[in-house]
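One letter stands for each residue in the lines below.
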There are 2 protein chains.
Amino acid sequence: MNIRFYNAKVLTLKEDETFEIIFGELWVKGNSICYIGNGEDTDQVLKEYGPICWEREIDAEGNLLMPGFKNAHTHTAMTFLRSYADDLPLQEWLFQQVFPKEDQLVPEYVYDLNILGIMEYLTSGITSNFDMYFFPPTDAKASVDCGFRTVLVPGLNNFGGTVEQMEENYHIVNEMSDLVSFMIGFHAEYTTSRELMEGVAGLAQKFRSPVFMHNSETALEVKECRDRYQMSPTQITDSLGMYEYGGGGYHCVYFDDQDFEIFKKKGLSAVTNPASNLKLASGIAPVKRFVEEGINVAIGTDGAASNNCLDMFREMFLTSALAKVREMDAECVSADKILYMATAGGAKAMGLSDCDCLAAGKKADLIMLDLKQPNMQPENNIVKNIVYSGSKQNVKMTMVNGKILYEDQKFYIGFEPEEVYRRANEIIRSMK
Amino acid sequence: MNIRFYNAKVLTLKEDETFEIIFGELWVKGNSICYIGNGEDTDQVLKEYGPICWEREIDAEGNLLMPGFKNAHTHTAMTFLRSYADDLPLQEWLFQQVFPKEDQLVPEYVYDLNILGIMEYLTSGITSNFDMYFFPPTDAKASVDCGFRTVLVPGLNNFGGTVEQMEENYHIVNEMSDLVSFMIGFHAEYTTSRELMEGVAGLAQKFRSPVFMHNSETALEVKECRDRYQMSPTQITDSLGMYEYGGGGYHCVYFDDQDFEIFKKKGLSAVTNPASNLKLASGIAPVKRFVEEGINVAIGTDGAASNNCLDMFREMFLTSALAKVREMDAECVSADKILYMATAGGAKAMGLSDCDCLAAGKKADLIMLDLKQPNMQPENNIVKNIVYSGSKQNVKMTMVNGKILYEDQKFYIGFEPEEVYRRANEIIRSMK
């Protein structure tokens, strides 16, 4: 669509990875941003495109336009297990509650459960997700049907999936739509044999793809990996040639010096999932050190079964606040750094270089935050207000690829909310 | 007002301090709840009151009525310092940023800043606050003018206030309105001389009042107290006869066995402030042990300068999730316990025994949560959905003392939001 926003505060990214707020206009043409400025220097853009016929002109009333959040690690369709089996030890949660239910999933269920998750993303200003779950082509189709942007990573492990299937899904998803893409990956070292991991590494090299997996989420995982290979998960996967084209890990809680060194040398991304790490009593990730080492950090919600909500505001606050308490250093990991992680850092991890920030030529994946709410006042520092005080309540509009999918608490994704909720309840109730 | 809610899920409290959800009606008459049930057993209440003329009949559409949250430790008027001086070490934050600004506060400022904070409370379903700040009669007046419920504790310390002034404020506030009350207290051991503390203890005994103070928020505070008195803050204050009529502490992060013992023996309440404790790098409170010892726990946001938002949903999640990671025990401090702390536990600490839960005869301090939102679906467990997944976005209505003060994102407190925001920005800008 062609949409002109005016009277807006627009959050732009500076070269030093901090943010700046300018007052003026932002123009969306088709699926991209074609202009940001004070509205007085539009000659160039009008020369390029000719007169633009606006489908909507939106008075932002001093509210903030900013890049949408990138939810850089999640299992979207796990919405059905929200509040199903909490307050349990990890092993019991996983083996007695989560796995038996997941065994009963079929693609139609996963499709519907993805829609519920996407709706929740939109309420939180999330414009793309980095998803690992069953049936990637189904996950992809749900996103495309909603108009949502998704990068998929397969959850291959000893109990499901093959390298051949991954290759097939790579083609299916990457050829489906510009909204979805597929990256090589697997579940985790602790669930995947050396032979399978070698197959994954081979495929990553064939496609020149980055690789992602759950990495060093718990102390036990790292210990068992060391018992097996005398190496950490990062080290064994690196030794198999996994990261020739980059990639990274989800969680990254327990890292040693060599792990940091590998992430740095190979340009890998550490995706932190603070709420899930707390709730499953896994630990607190060394985010301060990632920042100090210059390693790209992104932020994810993890799935609704462990978090239990898909809310980037909560994750942003936690990423900063937990770093502070972990290091007993109230100065570390500032709000600016966090906002970068939640937007551009995520885009970098997900290979979405044209969705990372607001600038002419970038994809129109953006949100409008209502600053005229008590939690956003006074406006001493808007970036800090967003990171430390922001809430879903402030999300006035979420746009993906130039289309408004959520505005004033209404969804424009082609699905009726009541029907989506009904189906989610029906699915979990139908399970044994 | 007389308001009848129907088609509602109503969260009621059982004797074992867990919750139950019934489907039906809730009737508000004046400032109290007069009936909760399926609508078929109303004879008794109609006999008692005669026919009730409803000012409103609200179809709750399957949404949830529950007791409002009690924000059991805060400094409401600190809203002006939100996002003003974050990412700084505690000492620098406090002495170079917070104190010089607070020195410039006058009652008119504090009044306006309280209104902003109360608005934020309402968006988060908070129906009463336990406040410590300058000018208690002014704080109280702001609450009364909005129709909000507040329990005030003085922030007396070596740098401001006297015991005589406390006595005067005790009378002024307690005689002002049923909406406000005043409890004896002081800032903290580390800011208050022994002589002053003795004066406070004397006044508490005179008025048979509980006493609250900041207690063991940081390791340094406890160490310095031990250096001074060879006792912890809990022990020295107890030894002065401070808790003859109960009370408790805010923060309570660093406790030893004897401190737990005193809290247990004297029936004191521990008010936890998890977000603030993280962000100022203070530590994580031993909430699991408080629960195990049977000590009443309440939850507070602390002030906007350190948190930075006044959001009980975030605090609830944190109280549970931080306990889990602190103890490396995903089972501990369950959602039910958290919801009790955020409602009845807070009411107990604040002396609001008639606002603790939804039942006939209780004050109508209640909220309606919109369950028809993606983060509240499916409804596997509504209590867990609230605690782990809930958000301000779900607050459809907030009622205090039988009056709706917030509904569908609009405020009914007699102040124009734009004007409140303008004043808050003006106040901070006017300061040197």
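Cut-offs and rules
- Residues numbered from 1 in each chain as written.
- Chains lettered and ligands numbered in written order.
- Predicted model: local features only at pLDDT ≥ 70, side-chain atom pairs only at ≥ 80, totals over all residues.
- Heavy atoms only, no water.
- Helix = DSSP H or I, 4+ residues; strand = E, 2+ residues; numbered from the N terminus.
- Rg over C-alpha atoms; globule rule 2.2 N^0.38 Å.
- Areas by Shrake-Rupley, 256 points an atom, 1.4 Å probe, with all protein chains shown as cover.
- Lys, Arg positive; Asp, Glu negative; His and termini not counted.
- Charge placed at Lys NZ, Arg CZ, Asp CG, Glu CD.
- Buried < 20%, exposed > 50% of the residue type's maximum accessible area, 1.4 Å probe, protein only.
- Pairing = 2+ DSSP bridges.
- Right-handed = clockwise from strand over helix to strand, strands pointing away.
- Contact = heavy atoms within 4.5 Å.
- Buried area = accessible area lost by both parts, 1.4 Å probe.
- Salt bridge = Lys/Arg side-chain N within 4 Å of Asp/Glu carboxyl O.
- Axes fitted to C-alpha atoms, helices over the stretch in contact; angles between N-to-C directions.
- 1 Å grid on protein atoms, 1.4 Å probe; cavity = no way out; pocket = protein on both sides within 12 Å on 5 of 7 lines; lining within 4 Å.
- Points joined across faces, edges and corners; volume = space filled by probe spheres on them.
- Nonpolar A, V, L, I, M, F, W, Y, C, P; charged D, E, K, R; others polar.
- Domains from an automatic or database assignment.
- Least-squares fit on C-alpha atoms with pLDDT ≥ 70 in both.
- Disulfide = S-S within 2.5 Å.
- Core = buried A, V, L, I, M, F, W, Y, C linked by side-chain atoms within 4.5 Å.
- Phe/Tyr/Trp six-rings, centres within 6.5 Å; stacked < 30°, edge-to-face > 60°.
- Lys NZ or Arg CZ within 6 Å of the ring centre and 35° of its normal.
- UniProt positions renumbered as here; feature names shortened; annotations may be inferred.
- Arc of directions from axis to C-beta.

K.L.:
Report on the overall build of chain A, specifying residues and quantitative values.
P.N.:
On a plain count of helices and strands, chain A comes out with 15 helices and 18 strands. Here the C-alpha radius of gyration of chain A, 21 Å, is about what a compact globule of 432 residues would show, namely 22 Å. Along the longest, intermediate and shortest principal axes, the C-alpha atoms of chain A span 65 × 50 × 45 Å. Roughly 14700 Å² of accessible area belongs to chain A as shown, and the carbon and sulfur atoms make up 48% of that amount. Positive and negative charge centroids in chain A, built from 40 and 62 side chains respectively, lie 1 Å apart.

K.L.:
Talk me through the pairing of strand β11 (residues 211–215) of chain B; I want residue IDs and the actual numbers.
P.N.:
Residues and elements named next belong to chain B. Extensive coverage of β11 is indicated by the burial of five of its five residues. With three bridges joining them, strand β10 (residues 184–188) and β11 adopt parallel strand pairing. Bridge pairing in β11 places A188 opposite H214. Between β10 and its parallel partner β11, the chain crosses via helix α6 (residues 194–207), and the hand of that crossover is right-handed. By the bridge criterion, five bridges tie β11 to strand β12 (residues 247–251) in an arrangement that is parallel. By the bridge assignment, F212 is partnered in β12 with G248.

K.L.:
An account of the interface of chain A and chain B is needed here, citing residue identities and associated values.
P.N.:
Every contact between the two is made by 65 residues of chain A and, on the other side, 65 residues of chain B. Summed over both sides, the interface of chain A with chain B buries roughly 5200 Å², with 59% coming from carbon and sulfur. Where chain A meets chain B, there are four salt bridges. In this structure, the salt-bridge partner of K384(B) is D86(A), at a minimum N-O distance of 3.9 Å.

K.L.:
Got a sec to walk through the sheet that holds strand β14 (residues 296–299) of chain A? Specific residues and values, please.
P.N.:
Residue and element names in this part refer to chain A. Taken together, the five strands give an open sheet; going across it, the order is β10-β11-β12-β13-β14, and neighbouring strands pair in parallel fashion. The open sheet has two edge strands with one neighbour each: β10 (184–188) and β14. If you compare each strand with its neighbour and ignore which way they point, the axes differ by 20° on average.

K.L.:
Any details on empty space enclosed by the protein? Residues and values, ideally.
P.N.:
Throughout the structure, instances matching the rule amount to five cavities of 30 Å³ or more. Here the largest cavity defines a volume of roughly 120 Å³. Of all the elements in the fold, those that place two or more residues in the lining of the largest cavity are α12 (312–327) of chain A together with α12 (312–327) of chain B. Looking at the lining of the largest cavity, its residues break down into three nonpolar, four polar and five charged.

K.L.:
An account of the domain arrangement of chain A is requested, with residue identities and associated values reported.
P.N.:
All names here are of chain A. Partitioning chain A into domains gives domain 1 (3–67 + 354–411) and domain 2 (69–353). A straight line from the C-alpha centre of domain 1 to that of domain 2 covers 28 Å. Contact with domain 1, which involves 32 residues of that partner, is made by 34 residues of domain 2. Of the roughly 2800 Å² buried between domain 1 and domain 2, counting both surfaces, carbon and sulfur atoms make up 67%. The largest contributions to the domain 1 side of the interface with domain 2 come from V387, Y388 and K392, which together make up 24% of the buried area. D365 is paired through a salt bridge with R149; the nearest N and O atoms lie 2.6 Å apart. Listing elements by their share of the side of domain 1 that touches domain 2, those giving two or more residues are β1 (3–13), β5 (64–67), β15 (366–369), α14 (382–389), β16 (395–400) and β17 (403–407). At five residues, the largest contribution of residues to the side of domain 1 that touches domain 2 is made by α14. Partitioning the side of domain 1 that touches domain 2 into residue classes produces 19 nonpolar, five polar and eight charged.

K.L.:
Which residues make up the relation of the copies chain A and chain B, and what values do they have?
P.N.:
The operation relating chain A to chain B is a screw motion whose rotation component is 180°, with 0.0 Å of axial translation and a residual RMSD of 0.0 Å. In short, the pair behaves as if placed about a two-fold rotation axis. Ranked by how close their C-alpha atoms come to the rotation axis, the residues of chain A are headed by Q393(A), at 2.3 Å. A share of 100% of the interface residues of chain A reappears at the interface of chain B, consistent with the copies meeting face to face through the same patch.

K.L.:
Outline the state of the cysteines, supporting the account with residue identities and numerical values.
P.N.:
Overall, the coordinates contain zero disulfides over all chains when judged by the stated rule. Cysteine C252(A) is unpaired, with the sulfur of C225(A) as its nearest cysteine sulfur at 13 Å.

K.L.:
Summarise the sheet that holds strand β14 (residues 296–299) of chain B; cite the residues concerned and give the values.
P.N.:
Residues and elements named next belong to chain B. Here we have five strands laid out as an open sheet, ordered β10-β11-β12-β13-β14, and parallel in their pairing. Pairing within the sheet leaves two strands with one partner each, and these edge strands are β10 and β14. If you compare each strand with its neighbour and ignore which way they point, the axes differ by 20° on average.

K.L.:
How would you sum up the nonpolar core? Please name residues and give values.
P.N.:
Membership of the largest hydrophobic core comes to 232 residues, with the highest contact counts inside it found for F69(A) and F69(B). Inspection of this core shows a minimum of three residues originating in each of domain 1 (3–67 + 354–411) and domain 2 (69–353) of chain A.

K.L.:
I'd like a rundown of the packing of aromatic side chains, residues and numbers included.
P.N.:
In the structure shown here, the tally under the stated rule is 40 aromatic pairs over all chains. With a centroid separation of 6.0 Å and an interplanar angle of 85°, the aromatic rings of Y170(A) and F182(A) are classed as edge-to-face. With Y170(A) in helix α5 (residues 163–174) and F182(A) in strand β9 (residues 180–182), this pair connects stretches of sequence that are twelve residues apart. The buried category is assigned to F182(A), whose relative accessible area is 5%. Taking the centre distance of 5.3 Å and the plane angle of 80° together, the rings of F69(B) and F313(B) count as edge-to-face. Taken together, the residues span a long stretch of sequence, with F69(B) in strand β6 (residues 69–74) and F313(B) in helix α12 at a distance of 244 residues. The exposure class of F313(B) is buried, given its relative accessible area of 2%. Here the aromatic cluster, defined as three or more aromatic residues joined through ring pairs, consists of F255(A), F260(A), F263(A) and F290(A). Directly above the aromatic system of Y388(B) lies the positively charged group of K279(A), at a separation of 4.5 Å from the ring centroid. Here R289(A) stacks its cationic end above the ring of F260(A), 4.0 Å away from the centre of that ring.

K.L.:
Break down the pattern of salt bridges for me, with residues and values.
P.N.:
All names here are of chain A. For the structure shown, the criterion picks out 62 salt bridges over all chains. D86 is the partner of K279 in a salt bridge, and the nearest nitrogen-oxygen pair spans 2.6 Å. Of this pair, K279 sits in helix α10 (residues 274–279) while D86 sits in the loop between β6 (69–74) and α2 (90–102), placing them 193 residues apart in sequence. An identical accessibility class is assigned to K279 and D86; each is buried.

K.L.:
I'd love a proper account of the environment of R194(B), names of residues and values included.
P.N.:
Residues and elements named next belong to chain B. Mapped onto the fold, R194 is located in helix α6. Taking the C-alpha atoms as reference points, R194 and F290, separated by 96 residues in sequence, lie 27 Å from one another. Discounting chain neighbours no more than four positions away, the residues touching R194 are Y229, I236 and L240.

K.L.:
Can you tell me about the UniProt feature "domain: Amidohydrolase-related" (unreviewed entry) in chain A, naming the residues and giving the values?
P.N.:
Mapped onto this numbering, the UniProt entry gives "domain: Amidohydrolase-related" (unreviewed entry) at residues 65–405 of chain A. Along residues 65–405 of chain A one finds 43% helix and 17% strand; the C-alpha atoms at either end are 15 Å apart.

K.L.:
Describe the environment of T272(B), listing the residues and the values that go with them.
P.N.:
Residue and element names in this part refer to chain B. Tracing the backbone shows T272 in strand β13 (residues 269–272). Taking the C-alpha atoms as reference points, T272 and T301, 29 residues apart in sequence, are found 8.4 Å from one another. Ignoring any residue separated from it by four or fewer positions in sequence, one finds T272 in contact with H251, A285, V287, V297, A298, I299, G300 and T319.

K.L.:
Summarise helix α7 (residues 219–229) of chain B; cite the residues concerned and give the values.
P.N.:
Since one α-helical turn is 3.6 residues long, residues separated by three or four positions face the same way. All names here are of chain B. Turning to α7, its buried residues are E221, V222, C225 and Y229. Projected down its long axis, α7 carries its buried residues within an arc of 95°, all on one side. Looking one or two residues beyond α7, the residue adopting positive phi is Q230, at roughly 55°.

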